[in-house]
Amino acid sequence: MPIRPARRITDTSPKNFGMFAKALGMEADLIHLELGMPAEDTPQHIKDATIAALQAGHVHYSDLQGLPELRSAIADQLRRKNALDLTAEEVIITNGLTQASFAAFMAFLDAGDECLLLAPFYPQHVGKAELAGAKVRIAPLDASDRFSINRTLIEPHITAETRAIALINPCNPTGRVYSGRELQILAEIAQDHDLLVFSDEVYQDITYDGAPHTSIASLPGMKERTITMGAFTKSHAMDGWRLGYIAADARLIGPCLKMTSSEVTHVNTFVQHGALAALTGDPAILSGMIDRDRARRDLVVARLNQMPGVHCAPVEGTIYAFPDITATGMTSQECADRLLYETGVVVEAGSFYGAAGEGHLRVCFGCAELPVLEEAMMRMQRFFNSV
Ligand SMILES: Cc1ncc(COP(=O)(O)O)c(C=O)c1O
């Protein structure tokens, strides 16, 4: 038999790195606003706790599900902040949200199943559902209604094969924090059609102007059909640490543990001590980081709205602005390409997130300090003045 990659590799969509790949290797003076990589350094007390754990010899195999004290701290936080009644036994520590969602998709989607994504969607979810053998169906939300959750836009895409809906709340790329009412609509759809919800809440701590984050699992009847996932990645500037978690009812967590423990056994023991410090440390450190993200957001949204042909809706959460550029007459890809080649500012085309994102750009403001954002906005202003 010839050696060949498995069909799950050859027959699934290729991985696409969008504008990041286009900008790679360019010699120009680029400003990178295309990746969701936090600008800040990881807070010192988290590093200190990790170094102390290493020095104390926490270098061996540990609990498959994750350190019990870290799982307890996460369960406590979920109870306090998310109104989720889960125990430490219902939490698995993962390598970032990426591993959490891969495990969840693999554990609950079979070949022939369909997984529904709300669009604009997060492209990684397409790859994961396909690797699990499932078919992706897209429910495009309406830009003119601020990409709100709307039953009439979602329900027609549900078939007898649909097993799950993937939700991102707060939403990358739109910057929406879904209201309780919107989540209630999605909960009713999930219950009426007996669907599981994969709830990616990686941005749950990054909300602005009092927009309250609600976990869909906290709504009546949803705990038993929701896999909630979080991570330290964005809020604590720990993207390189690869630390996240899955939290779900005991009946849902067992299948996920079979995946994570087969895949990586467990997450590095000593970094989990860093995560514990992130949760138990001074909350002012986290709120300071979010205040600085708010200042970045304020600058970028205000400046985008001064550019001709650009309209940027309020950003309720996340580290992304998602301005509408349809009035310029350019497609989002054309606009992102021209910004790259003519100004050196790298932003993502809205179409990268599905056809529903066409006419928009995704501008990450959380990945650069204010003076860099200032310079990027100046270059973009000159560009839009001239088109
Ligand atoms: C919606 C969403 N989910 C998951 C991730 C990946 O998170 P992690 O780095 O924790 O794997 C990202 C990163 O940009 C994201 O935007």
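Residues numbered from 1 in each chain as written. Predicted model: local features only at pLDDT ≥ 70, side-chain atom pairs only at ≥ 80, totals over all residues.

**Student:** Quick one: what's the story with the overall build of the chain, residue by residue and with numbers?
**Tutor:** When you go through the chain residue by residue, the secondary structure sums to 13 helices and 12 strands. Relative to the globule expectation of 21 Å for 387 residues, the C-alpha radius of gyration of the chain, 21 Å, shows essentially globular dimensions. Once the C-alpha set of the chain is aligned to its principal axes, its extents read approximately 60 × 55 × 50 Å. Evaluated residue by residue, the chain yields a buried proportion of 48% over its 387 residues. Contacts in the chain between residues far apart in sequence, at least 24 positions, make up 75% of those at least 6 positions apart. (Helix = DSSP H or I, 4+ residues; strand = E, 2+ residues; numbered from the N terminus. Rg over C-alpha atoms; globule rule 2.2 N^0.38 Å. Buried ≥ 20, exposed ≤ 12 C-beta atoms within 10 Å, placed from the backbone. Contact = placed C-beta atoms within 7 Å.)

**Student:** Can you explain the domain arrangement of the chain? Please cite residues and give values.
**Tutor:** With domains assigned, the chain is organised as domain 1 (7–42 + 284–386) and domain 2 (59–280). Spacing between the C-alpha centres of domain 1 and domain 2 amounts to 24 Å. Residue-level contacts link 36 residues of domain 1 with 34 residues of domain 2. Among the elements of the structure, helix H11 (283–304) and strand E9 (320–321) are those that each provide at least two residues to the side of domain 1 that touches domain 2. Examining the composition of the side of domain 1 that touches domain 2, we find that six residues originate from one element, H11, more than from any other. Counted by class, the side of domain 1 that touches domain 2 contains 15 nonpolar, 11 polar and 10 charged residues. (Domains from an automatic or database assignment. Nonpolar A, V, L, I, M, F, W, Y, C, P; charged D, E, K, R; others polar.)

**Student:** I'd love a proper account of the sheet that holds strand E5 (residues 162–168), names of residues and values included.
**Tutor:** Backbone-to-backbone hydrogen bonds pair the strands of a sheet. The strands run either parallel or antiparallel. Taken together, seven strands build an open sheet; the order of strands is E2-E8-E7-E6-E5-E3-E4 and the sheet is mixed. For this open sheet the edge positions go to strand E2 (91–94) and strand E4 (135–140), each flanked by a neighbour on one side alone. Across this sheet, the average inter-strand angle for adjacent strands is 20°, counted without regard to direction. Packed onto the sheet, helix H4 (residues 68–82) meets E2 and strand E8 (244–247) and runs at close to 115° relative to E2. (Pairing = 2+ DSSP bridges. Axes fitted to C-alpha atoms, helices over the stretch in contact; angles between N-to-C directions.)

**Student:** Summarise the site of the ligand; cite the residues concerned and give the values.
**Tutor:** Around the ligand, a shell composed of 13 residues is seen, among which Gly96, Leu97, Thr98, Ala231 and Thr233 lie nearest. At three residues, the largest contribution of residues to the shell around the ligand is made by helix H5 (residues 96–108). (Near = placed C-beta within 6 Å.)

**Student:** Quick one: what's the story with the UniProt feature "domain: Aminotransferase class I/classII large" (unreviewed entry) in the chain, residue by residue and with numbers?
**Tutor:** In this numbering, the UniProt entry assigns the feature "domain: Aminotransferase class I/classII large" (unreviewed entry) to residues 29–367. Overall, residues 29–367 shows 37% helix and 15% strand. The separation of its end C-alpha atoms is 17 Å. (UniProt positions renumbered as here; feature names shortened; annotations may be inferred.)

**Student:** Requested: an account of the packing of H11 against helix H13 (residues 370–386), with residues and values cited.
**Tutor:** Direction vectors running N to C along H11 and H13 enclose 10°, while the axes themselves pass 10 Å from each other. On the basis of their axis angle, the class for H11 and H13 is roughly parallel. Residues Ala295, Arg296, Leu299, Val300 and Arg303 of H11 form the contact with H13, whose own contacting residues are Leu370, Leu373, Met377 and Gln381. Taken together, the residues that form the contact of H11 with H13 break down as six nonpolar, one polar and two charged. (Parallel < 35°, antiparallel > 145°, perpendicular 65-115°, else oblique.)

**Student:** Break down the sheet that holds strand E11 (residues 348–349) for me, with residues and values.
**Tutor:** Spatial ordering of the open sheet is given by E9-E12-E11, a layout of three strands whose pairing is antiparallel. The open sheet is flanked by E9 and E11, the only strands paired with a single partner. Pairing analysis gives two bridges linking E11 to strand E12 (residues 361–364), with the strands arranged antiparallel. If you follow Glu348 over to E12, its bridge partner there is Arg362.

**Student:** Quick one: what's the story with the pairing of strand E7 (residues 226–231), residue by residue and with numbers?
**Tutor:** Among the six residues in E7, six count as buried, and that is most of the element. Residues Thr226, Thr228 and Gly230 of E7 are buried on one face, and the alternating residues Ile227, Met229 and Ala231, pointing to the opposite face, are buried as well. With four bridges connecting them, strand E6 (residues 196–200) and E7 associate as parallel partners. Looking across to E7, one finds that Val197 is bridged to Thr226.

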